[in-house]
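# Descriptive analysis of the structure
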Amino acid sequence: MKRNSAYIKGMFCIIALCFGLFAGFGQNNAHAFSNQVIQQGATGEDVVELQSRLQYLGFYTGPIDGVFGWRTYWALRNFQYEFGMKIDGLAGGTTKQKLVKASKYDKAWVNKQIKEGKKFTHYGGVPKSKQSKAGPAKGGGQAAAKPAQVKPAKNIPDGYSQNDINLMANAVYGEARGEPYIGQVAVAAVIINRVADSRFPKTVSGVIFEPRAFTAVADGQIYLTPNQQARKAVMDALNGWDPTGEAIYYFNPDTATSGWIWGRPQIKKIGKHIFCN
Amino acid sequence: MIRTILIVLLFVAVAGTGYWGYTEHQDKNAILLQAENNYQRAFHDLNFHVDALHDKIGETLAMNSRNQLSPALAQVWRLTSEAHNDVGQLPLALLPFTKTEQFLSKMGEFSYRTAVRDLDKKPLSDKEYKTLKDLYANASEIQNELRKTESLAQKNNLRWMDVEMALATNKTNEDNTIIDGFKTVDKTVEGYSEVDFGPEVSNMMKMQNRNLSQLKGKEITKEEAKNIAIDFFDLKKNVKITVEKSGKGAKYDAYSLTLYNPDTKGTTYMDLTKKGGYPLWVLYDRNVGKAKISLNDAMFQAEDFLKKHMDSKMEMVSSDQYENIAVFTYARLQDDVRIYPEVVTIKVALDNGDIMGYEGTDFLLAHQDRRIPTFKISEKEARTNLNPKFEVKEVSKALIKNDINEEVFCYEFLGVLGNETYQVFINAENGNEEEVKKLKEAEPSYNEI
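Residues numbered from 1 in each chain as written. Chains lettered and ligands numbered in written order. Predicted model: local features only at pLDDT ≥ 70, side-chain atom pairs only at ≥ 80, totals over all residues.

### Let's talk about the overall build of chain B
The test is simple: Working definition: helices are DSSP H or I runs of at least four residues, strands are E runs of at least two. Numbering for both runs from the N terminus. Throughout, radius of gyration means the C-alpha value; the globule benchmark is 2.2 Å times the number of residues raised to the power 0.38. Burial in this document is a count-based property: other C-beta atoms within 10 Å of a residue's C-beta are tallied, and the residue is buried at 20 or more, exposed at 12 or fewer, or partly exposed in between, with C-beta positions derived from the backbone. Whether two residues are in contact is decided by their C-beta atoms, placed from the backbone, lying within 7 Å.
For chain B, the helix and strand inventory stands at 11 helices and 13 strands. Expected size for 449 residues packed as a compact globule is a radius of gyration near 22 Å; at 30 Å, chain B overshoots this value by more than 25%. Relative to its full complement of 449 residues, chain B shows a buried share of 33%. Taking all contacts inside chain B whose residues are at least 6 apart in sequence as the whole, residues at least 24 apart take part in 60%.

Listed below in structure tokens is the structure:
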């Protein structure tokens with residue numbers, strides 16, 4: 001185990017070195033930043049560095065979570081203002097260079113804190129030991145398996161939570177596992193249309209668990225673990241795609257037991273399901 | 001000897017199975033009973049709330065003073081929402097109970113609108129008073145029917161589990177007191193569906209009445225739809241395209257196209273309006289690899305796409321990265337005013353910058369030639385209506401739909417209060433605060449998605 005981790009560390013150093021070398025050729029100072037222009041809404045390592053450097057200078061006071069949100073945006077604009085640059089809220093070449101010149105960034109330390117799930121800050125002039133608090137440890141060795149990826153926080157479509165997305169993915173997987181992708185987006189869209197419709201419960205959970213509304217809830221298939229495709233379909237539906245033409249019901253004509261559902265005005269058939277109003 | 005042992009063993013096996021079966025049976029009964037209890041509670045709660053609703057509406061009719069009316073209407077609103085919630089917990093999804101649910105939600109909307117209104121400035125009109133009276137009568141009918149059903153159910157010891165079984169096996173035509181009772185309630189409401197809820201509530205309903213008849217152009221055929229799609233994607237002829245026409249129940253007539261490209265092995269789905277052949281939405285399904293391009297590069301891809309396919313000037317209003325997918329929202333810009341109802345969403349793959357999707361239904365539904373009026377109040381005046389602690393960072397002009405679904409011109413203020421960023425819309429005509437929206441920050445990850 002110990003030797004293993006030493007090996008990983010060694011690999012890490014080499015990779016980091018290569019990275020440093022490459023970046024060094026392109027731009028003189030922007031060591032760890034990649035060449036991308038970082039824009040609001042972005043996620044990933046560059047954002048972690050941006051937030052850390054802004055925090056080092058005292059512009060950014062929020063959590064270093066790797067998501068370019070509003071707080072990062074205002075911090076960056078303040079930085080651009082103070083350093084007499086064009087205030088556009090974009091971290092492009094000049095901005096990154098000035099940031100790198102003005103601040104320090106201890107990448108290894110920051111990544112370690114994130115990996116260990118600790119609450120930490122990255123202010124300049126404060127000893128590191130005072131800036132890290134033991135936070136809720138993340139589940140076991142899961143984080144260690146993918147050391148290079150920083151994904152501490154996530155963008156979520158407006159008005160929904162990660163848990164809503166999980167629940168919807170479960171419902172979509174249970175209801176439309178064997179359907180083509182578009183049929184899965186359609187099922188997710190029906191759930192969202194119902195939440196918006198005044199005749200149905202007003203929450204995702206209310207709609208999904210309404211008795212007799214979904215067969216997957218009745219027969220327990222909703223508790224199967226959904227795959228990545230079901231989640232993708234849910235995200236598309238949450239971002240506004242609605243292949244059903246605003247349907248609020250659907251049924252499988254081969255297995256539908258209710259005569260009433262056949263009487264609903266039908267919009268279209270996607271995969272095995274007929275969608276209706 | 002062996003026979004005796006066998007007999008004993010057999011006996012033990014039979015006794016064991018019997019005991020096992022008995023405990024299983026008891027477990028099953030316990031669970032059924034628990035489900036039944038949940039249904040019973042929701043059912044009796046529903047009755048209680050409808051009773052209370054009826055009483056409360058009656059009280060509001062008798063009230064005269066404004067400062068009592070508002071709280072009473074707020075109570076009505078709360079009770080309708082509770083009753084609606086109870087309905088949502090009963091296995092009625094496949095029963096024609098939608099009229100009643102619609103009635104409840106309209107009643108809630110009406111009471112909310114009137115409760116939050118400044119009744120000193122704008123008291124209840126005669127028409128609204130009449131609406132309240134109608135609602136009272138209506139609630140009384142519902143209450144009576146529900147009570148009847150409740151008492152019959154109690155007298156005959158009826159179980160909701162039987163209702164569920166009846167619905168599951170589609171035996172609704174057989175005599176089932178509860179199902180019949182609910183059907184009667186729904187019929188009763190149907191007779192009352194003409195209640196005039198006033199312009200504010202019917203505006204909400206109008207939103208559902210979506211059509212695309214205002215689009216320019218003539219109706220296209222299936223063949224023309226195919227050609228539009230080929231043009232749209234610059235496709236070669238080897239692509240397999242299937243076209244379906246939307247059914248009779250569709251809110252707007254459209255063609256649904258499925259395009260399979262043997263070169264990329266990707267499938268693209270697309271809906272085109274029948275009138276004019278405008279794309280409603282496009283969704284491209286393929287595996288997306290690791291993110292290789294930045295969100296910023298993806299934005300340029302999206303803007304190229306917009307330039308190619310849209311005549312209107314669009315401005316980005318949001319950009320988000322979801323691992324290897326970027327999603328951008330654009331609103332139309334006219335004379336520096338953001339027309340928020342006219343939005344399109346574009347999805348870009350971050351592995352190679354492919355456009356993965358386009359969603360323009362809202363744009364097509366809301367798009368029209370608008371005239372931008374001169375704003376009556378100045379930005380400076382609008383600012384005086386903001387919370388003094390709110391620190392403004394950016395100002396722009398916008399057209400939004402307010403909470404009663406009217407389109408209003410506003411000043412849009414983007415700023416911070418404490419650590420949070422807010423978007424505040426101030427009406428450009430009268431300085432009213434039309435909408436305040438807290439902009440969401442990223443959610444910490446609780447587990448791996």
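### Looking at the interface of chain B and chain A
Using the following cut-off: Following the grouping adopted for this structure description, the nonpolar residues are Ala, Val, Leu, Ile, Met, Phe, Trp, Tyr, Cys and Pro, the charged ones are Asp, Glu, Lys and Arg, and the polar ones are all others, Gly among them.
In this assembly, 57 residues from chain B lie in contact with 57 residues from chain A. For the side of chain B that touches chain A, the per-class residue count stands at 22 nonpolar, 21 polar and 14 charged.

### So, unusual backbone geometry
Residues and elements named next belong to chain B. With a phi close to 50°, Asp-335 is a non-glycine residue in the positive phi region. Of note, Asp-335 is situated in the loop between β6 (325–334) and β7 (337–349). Look at Asp-335 and you get exposed, because 9 C-beta atoms sit within 10 Å. The phi torsion at Asp-336 lies on the positive side, around 65°, for a residue other than glycine. Secondary-structure assignment places Asp-336 in the loop between β6 and β7.

### Points about the domain arrangement of chain A
Threshold: Boundaries of every domain are those given by an automatic assignment or by a domain database.
Along its sequence, chain A is organised into domain 1 (25–145) and domain 2 (162–276). Centre-to-centre, using C-alpha coordinates, domain 1 of chain A lies 40 Å away from domain 2 of chain A.

### Considering the nonpolar core
To keep things clear, this is the line we draw: Any nonpolar core is a set of buried residues, restricted to Ala, Val, Leu, Ile, Met, Phe, Trp, Tyr and Cys, that join up through C-beta atoms within 7 Å.
One finds Met-168, Val-172, Val-185, Ala-188 and Val-234 of chain A to be the most contacted residues of the largest nonpolar core, which totals 119 residues. When residues of this core are assigned to their parent elements, the largest contribution, 10 residues, is made by helix α8 (residues 181–196) of chain A. Apart from residues lying up to four places away in sequence, Val-185 of chain A is in contact with Ala-233, Asp-236, Ala-237, Trp-241 and Pro-243 of chain A together with Leu-283 of chain B. Within the second largest apolar cluster, 33 residues are counted, among which are Leu-53, Leu-92, Val-163 and Val-185 of chain B.

### Details of the packing of helix α7 (residues 162–176) of chain A against α8 of chain A
Residue and element names in this part refer to chain A. To be explicit about the condition: Angles shown run from 0 to 180 degrees and are taken between the N-to-C directions of axes, each axis being a line fitted to C-alpha atoms and, for helices, limited to the stretch in contact. Angle categories: roughly parallel below 35 degrees, roughly antiparallel above 145, roughly perpendicular from 65 to 115, and oblique for all the rest. What makes a crossing left-handed is the near helix being turned counterclockwise from the far one by less than a right angle; a clockwise turn instead makes it right-handed.
At a closest axis distance of 9 Å, the pairing of α7 and α8 adopts a crossing angle of 125°. Judged by the inter-axis angle, α7 sits oblique to α8. Classified by chirality, the crossing of α8 by α7 is right-handed. Where α7 abuts α8, its residues Met-168, Ala-171, Val-172, Glu-175 and Ala-176 lie against Gly-183, Gln-184, Val-187, Ala-188 and Ile-191. Partitioned by chemical class, the residues of the contact of α7 with α8 number seven nonpolar, two polar and one charged.

### A word on the sheet that holds strand β5 (residues 266–270) of chain A
Residues and elements named next belong to chain A. The test is simple: Strand pairing is assigned whenever DSSP detects at least two bridges linking the two strands.
Ordered in space as β4-β6-β5, the three strands form an open sheet in which the pairing is antiparallel. Only two strands of the sheet have a single partner each, and these edge strands are β4 (249–251) and β5. Each strand of the sheet is rotated relative to its neighbour by a mean of 25°, with strand direction disregarded. Across three bridges, β4 lies against strand β6 (residues 273–276) in antiparallel orientation. By the bridge assignment for β6, Phe-251 is matched with Ile-274. Along the sheet, α8 contacts β4, β5 and β6; its crossing angle with β5, the most-contacted strand, is approximately 140°.

### Some remarks on the confidence of the model for chain B
Caution applies to low-pLDDT parts of the model: their predicted coordinates are not meant to be read in detail. Put simply, the test is: Residue-level confidence of the predictor is what pLDDT reports, using numbers from 0 through 100.
Confidence in the prediction of chain B, expressed as mean pLDDT, is 85, and 92% of residues score 70 or more. Both confidence scores are given for the complex: pTM 0.81, ipTM 0.83.

### As for helix α3 (residues 98–116) of chain B
To keep things clear, this is the line we draw: Multiplying 1.5 Å by the helix residue count minus one yields the expected span of that helix.
In this model, α3 of chain B (19 residues) spans 27 Å end to end at C-alpha, consistent with the 27 Å of a helix rising 1.5 Å per residue. Of all 19 residues that make up α3 of chain B, 14 are buried, and the element is covered over most of its length.

### Re the confidence of the model for chain A
Residues and elements named next belong to chain A. In the predicted model, chain A carries a mean pLDDT of 78, and 80% of its residues have values of at least 70. Within chain A, α8 carries the highest mean pLDDT (92), whereas helix α6 (residues 142–145) carries the lowest (34). Long-range and interchain partners of residues 12–30, a stretch whose pLDDT sits below 50, account for 13 contacts in this model, where long-range means more than four residues apart. Between residues 135–151, whose pLDDT stays under 50, and residues either more than four places distant or in other chains, the model counts 20 contacts.

### Some thoughts on the environment of Leu-439 of chain B
Along the chain, Leu-439 of chain B turns up in the loop between β12 (433–438) and β13 (443–444). Those residues within four positions of Leu-439 of chain B in sequence are excluded, and the remaining contacts are Trp-70 of chain A together with Thr-421, Tyr-422 and Gln-423 of chain B.

### Digging into the packing of helix α1 (residues 2–62) of chain B against helix α2 (residues 66–88) of chain B
Residue and element names in this part refer to chain B. At a minimum axis separation of 9 Å, α1 and α2 run at an interaxial angle of 160°. Between α1 and α2, the interaxial angle falls into the category roughly antiparallel. Read as a crossing pair, α1 and α2 show a hand that is left-handed. Along the contact surface, α1 presents Ala-42, Asp-45, Leu-46, His-49, Val-50, Ala-52, Leu-53, Lys-56, Ile-57, Glu-59 and Thr-60, while α2 presents Leu-69, Ala-72, Leu-73, Gln-75, Val-76, Leu-79, Thr-80, Glu-82, Ala-83, Asp-86 and Val-87. Of the residues in the contact of α1 with α2, the class split is 13 nonpolar, four polar and five charged.

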